[in-house]
Amino acid sequence: MVAFSLLVMVVAAVFVAADLDQIKAFISGIGAWGVVVSIAVYALLGLTLVPSEPLTVLTGALFGPLVATLAAGVGNTLAAVVEYYVGKKIGQASNFMEQKEKLPLGLGRLPVDSPLFLIGARMIPGYGPKAVSLLGGVYHVPLARYVWTAAIPTFLGAAIFAFGGFGLGNLF
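Residues numbered from 1 in each chain as written. Predicted model: local features only at pLDDT ≥ 70, side-chain atom pairs only at ≥ 80, totals over all residues. Heavy atoms only, no water.

Caption draft 1: Spotlight on the pattern of salt bridges. Here the structure, examined in full by the defined rule, presents two salt bridges. Taking the shortest distance from any N to any O, the salt bridge between Asp113 and Arg145 comes out at 4.0 Å. Of this pair, Asp113 sits in the loop between helix 6 (96–99) and helix 7 (115–122) while Arg145 sits in helix 9 (residues 143–171), and the two are 32 residues apart along the sequence. We classify Arg145 as partly exposed; its relative accessible area is 28%. (Salt bridge = Lys/Arg side-chain N within 4 Å of Asp/Glu carboxyl O. Helix = DSSP H or I, 4+ residues; strand = E, 2+ residues; numbered from the N terminus. Buried < 20%, exposed > 50% of the residue type's maximum accessible area, 1.4 Å probe, protein only.)

Caption draft 2: Main features of unusual backbone geometry. Of note, Asn95 is a non-glycine position whose phi angle comes to about 55°, a positive value. Within the element layout of this structure, Asn95 appears in the loop between helix 5 (65–93) and helix 6. Residue classification places Asn95 among the partly exposed positions, given a relative accessible area of 35%. Positive phi is not limited to glycine here, since His140 has a value of about 55°. Along the chain, the position of His140 falls in the loop between helix 8 (128–138) and helix 9.

Caption draft 3: Here's a closer look at helix 7. What helix 7 keeps buried is the set Leu118, Ile119, Ala121 and Arg122. The secondary structure elements touched by the buried residues of helix 7 are helix 5, helix 8 and helix 9. (Contact = heavy atoms within 4.5 Å.)

Caption draft 4: How the structure looks around a nonpolar patch on the surface. Taken together, Met123, Trp148, Ile152 and Leu156 make up a surface patch of nonpolar side chains, about 410 Å² in accessible area. Within the secondary structure layout, Ile152 lies in helix 9. A relative accessible area of 39% means that Ile152 is categorised as partly exposed. (Patch = residues over 30% accessible without salt bridge, like charges linked within 9 Å, V, L, I, M, F, W, Y side chains within 5 Å. Areas by Shrake-Rupley, 256 points an atom, 1.4 Å probe, with all protein chains shown as cover.)

Caption draft 5: A look at the nonpolar core. In this structure, Ala80, Tyr84, Phe96, Val112, Leu118, Ala121, Val132, Val138, Tyr139, Val141, Tyr146 and Ala150 together form the largest nonpolar core, which totals 12 residues. Elements represented by at least two residues in this core include exactly helix 5, helix 7, helix 8 and helix 9. Those residues in contact with Ala150, other than ones at most four positions away along the chain, are Ala80 and Arg122. Formed by eight residues, the second largest nonpolar core is a distinct cluster that contains Tyr42, Leu55, Ala72 and Ala158. (Core = buried A, V, L, I, M, F, W, Y, C linked by side-chain atoms within 4.5 Å.)

Caption draft 6: Seen up close, the packing of helix 4 (residues 53–63) against helix 5. Taken N-terminus to C-terminus, the directions of helix 4 and helix 5 make an angle of 145°; their axes are 7 Å apart at the nearest point. The two elements helix 4 and helix 5 meet at a crossing, and its hand is right-handed. Contact residues: helix 4 offers Thr56, Thr59, Gly60 and Phe63, while helix 5 offers Pro65, Val67, Ala68, Ala72 and Asn76. In terms of residue class, the contact of helix 4 with helix 5 is made up of five nonpolar, four polar and no charged. (Axes fitted to C-alpha atoms, helices over the stretch in contact; angles between N-to-C directions. Left-handed = near helix turned anticlockwise from the far one by under 90°. Nonpolar A, V, L, I, M, F, W, Y, C, P; charged D, E, K, R; others polar.)

Caption draft 7: Looking closely at the layout of surface pockets. If you add up the space inside the largest pocket, you get close to 690 Å³. As for the largest pocket, its lining consists of 29 residues, and the residues nearest its centre are Ser52, Glu53, Asn76, Arg122 and Pro129. Looking at the lining of the largest pocket, the elements that each hand over two or more residues are helix 3 (33–45), helix 4, helix 5, helix 8 and helix 9. By residue number, the principal contributor to the lining of the largest pocket is helix 9, which donates seven residues. Its residues placed into classes, the lining of the largest pocket shows 18 nonpolar, seven polar and four charged. (1 Å grid on protein atoms, 1.4 Å probe; cavity = no way out; pocket = protein on both sides within 12 Å on 5 of 7 lines; lining within 4 Å. Points joined across faces, edges and corners; volume = space filled by probe spheres on them.)

Next up, the structure:
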């Protein structure tokens, strides 16, 4: 299952990176259905290292800040669940829960299931959100706690980029 997840990640990364301009043109050309497509693209981006912020800026410019915030928030939360699932499979394949106490520097006692950790670490720029998602799955954080702690910073970040995209769209 882990090999399949890695294969999907590589294929999605190649597809999105190669066709980003075509994806933008397609989303802008299909009107309101572009929001639905955007949400699906966010979920796919969860399987890649490709950041979703450019899509949020574009969606903000095309559909306005409120619709873009909702689309980006829902889509990125779905992406976080996909990443969580991948992390959970990695944890199961590596038998992590039985091995974590052997980690150096007390890393096995890292409070990954703490809401403060899950929210705060997700706000680390760059790959912080992806790392938290994978760790949440590996450490078997309860899914309900994981989802609400992922949604808070995800929707806040989505709003920032959506309003930024809307502002840029009004400039041009």
